[in-house]
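Chain residues, written in single-letter form:
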Amino acid sequence: MIDQCDILAALRWHADIGCDEAIGDEPLDWATLAARPVVARAPAGGSAVPPAAARPAPAAAPRASFGAPGGTPMFGGGVADLPLGASEAGASARARAKEARTLEELESALRAFDGCPLKATAMNTVFADGNPAADIMLIGEAPGEDEDRQGKPFVGVSGKLLDRMLAQVGLDRSKVYISNILPWRPPGNRSPTQAEIAACLPFLERHVELIGPKVLVPLGGTSAKTLLNRAEGITRLRGRWFDYASPGLPGPVPVIPMLHPAYLLRNPIAKREAWRDLLTLRQRLPG
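A quick note: this is a predicted structure, and the numbers were derived from the prediction, not measured. (Residues numbered from 1 in each chain as written. Predicted model: local features only at pLDDT ≥ 70, side-chain atom pairs only at ≥ 80, totals over all residues. Heavy atoms only, no water.)

**Student:** I'd like a description of the overall build of the protein, backed by residues and values.
**Tutor:** Along the protein, the regular secondary structure elements total eleven helices and eight strands. In the structure as shown, the protein presents an accessible area of about 16,300 Å², 55% of it carried by carbon and sulfur atoms. (Helix = DSSP H or I, 4+ residues; strand = E, 2+ residues; numbered from the N terminus. Areas by Shrake-Rupley, 256 points an atom, 1.4 Å probe, with all protein chains shown as cover.)

**Student:** So what's going on with the side chain of Thr222? Residues and values would help.
**Tutor:** Looking at the secondary structure, you find Thr222 in helix H8 (residues 221-228). Within the structure, the side chain of Thr222 is placed 3.1 Å from the side chain of Glu141, a separation counted as a polar contact. Here Thr222 is in contact with Glu141, Pro192 and Ile197, once residues within four sequence places are set aside. (Polar contact = N/O pair within 3.5 Å; in protein donor to acceptor, adjacent residues only side chain to side chain. Contact = heavy atoms within 4.5 Å.)

**Student:** Explain the environment of Met137 to me, and be specific about the residues and the numbers.
**Tutor:** Mapped onto the elements of the fold, Met137 is located in strand E4 (residues 136-140). For Met137, a relative accessible area of 0% gives the class buried. With sequence-adjacent residues up to four places away left out, Met137 is seen in contact with Tyr177, Ser179, His207, Val208, Ile211, Pro213, Val215, Leu216 and Val217. (Buried < 20%, exposed > 50% of the residue type's maximum accessible area, 1.4 Å probe, protein only.)

**Student:** Give me unusual backbone geometry: which residues, what numbers.
**Tutor:** A positive phi angle, close to 55 degrees, is found at Phe154, a residue other than glycine. With respect to the helices and strands, Phe154 occurs in the loop between helix H5 (145-150) and helix H6 (157-167). Take Phe154: its relative accessible area is 5%, and that puts it in the buried class. The residue Asn189 is not glycine, and still its phi comes out positive at about 60 degrees. For Asn189, the location among the structural elements is in the loop between strand E5 (176-180) and helix H7 (194-211). Given a relative accessible area of 44%, Asn189 falls into the partly exposed group.

**Student:** Explain H6 to me, and be specific about the residues and the numbers.
**Tutor:** Among all positions of H6, only Ser158, Gly159, Leu161, Leu162, Met165 and Leu166 are buried. Burial along H6 is one-sided: seen end-on, the buried residues are contained in an arc of 160 degrees. Turning to H6, the residues buried within the fold contact E4, E5, helix H10 (261-266) and helix H11 (271-284). (Arc of directions from axis to C-beta.)

**Student:** Which residues make up H8, and what values go with them?
**Tutor:** The element H8 is extensively covered by neighbouring structure, given that seven of its eight residues are classed as buried. Of all the residues in H8, the buried ones are Gly221, Thr222, Ser223, Ala224, Thr226, Leu227 and Leu228. Contacts made by the buried residues of H8 are with E4, H7, strand E6 (215-218), helix H9 (234-237), strand E7 (242-244) and strand E8 (253-255). Of the residues flanking the end of H8, it is Asn229, one or two places downstream, whose phi is positive at about 55 degrees.

**Student:** Explain the pairing of E4 to me, and be specific about the residues and the numbers.
**Tutor:** E4 sits mainly inside the fold: five of its five residues count as buried. As defined by bridge partners, E4 adjoins E5 across five bridges and the pair is classed as parallel. Residue Ile139 lies in a different strand from E5, and its bridge partner there is Ser179. Where E4 and E6 come together, four bridges link them in parallel fashion. Residue pairing for E6: Met137 is matched across the bridge by Leu216. (Pairing = 2+ DSSP bridges.)

**Student:** For the packing of aromatic side chains, give the residues involved together with the corresponding values.
**Tutor:** Under the criterion given, the structure shown has one aromatic pair. When the ring centre of Trp241 is taken as reference, the NZ or CZ atom of Arg284 above it lies at 4.3 Å. (Phe/Tyr/Trp six-rings, centres within 6.5 Å; stacked < 30°, edge-to-face > 60°. Lys NZ or Arg CZ within 6 Å of the ring centre and 35° of its normal.)

**Student:** If you had to explain the pattern of salt bridges to someone new, which residues and values would you point to?
**Tutor:** Per the stated rule, a full pass over the model turns up twelve salt bridges. Across the pair Asp114 and Lys119 runs a salt bridge whose closest N-O atoms are separated by 2.9 Å. For Lys119, a relative accessible area of 23% translates into the label partly exposed. Its salt-bridge partner being Arg173, residue Asp163 comes within 2.9 Å of it at the nearest N-O pair. One end of the pair, Asp163, is in helix H6; the other, Arg173, is in the loop between H6 and E5, and ten residues separate them in sequence. Classification of Arg173 as buried rests on a relative accessible area of 18%. Linked by salt bridges that have partners in common, Asp129, Asp163 and Arg173 make up one network. (Salt bridge = Lys/Arg side-chain N within 4 Å of Asp/Glu carboxyl O.)

As structure tokens, this is what we get:
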């Protein structure tokens, strides 16, 4: 007899790794797939394709490395290996992003980009929300489950907390612009890999150039370390002013990293630091 606790544990495990959507009308017994015969089909006018076991293995190719300009390793560690093709994906993303002259063109280029495997597992491309003419641009890490469903950043529990935080200093989504490092949700809300960041970062850099904000606010460690190319964690970076420079900007943009709302939900005691950072941000704004 099957234990219901085991079934619930299995369902919980699937949800934790990102399998939270049914994609078929009937269940599929994956355990029997290996025992099923595979019929090779010959292409029209040609011979049958030999099975994978009969084809020669491709020669090993050198792996690319992801580091900051000038060879400085990202996030303070050694230069990390990336899966084959990651450097090509980053180069393709940079070329596509550079061609965009408007936000509409950038969004279209991002939706057509297939260099990040997260796109295949996500429901929606989460581009941005808020006022493109705002002085403040908030940048999170990646969409969560609610954001993936609705196609907008920060619309779940963390987003509601962010809205309340902004309201405390007289701001709302009509006065800020919100985006993410990644436009697609990592399965199970796991942390993004360096390869995924490398593939998507050129679109974000161009995004910032097109918006031209007066202040950048990275939310959380991944966003802050990526934008600033620093190794410190968010608890050391938060509340401090930095500069962000890009060739497409008229000059350096002030940056103040803040704690991510999801972190504040897990650690309510840190809300006092978040409140100080909000006041610091408000004092920097005109008016």
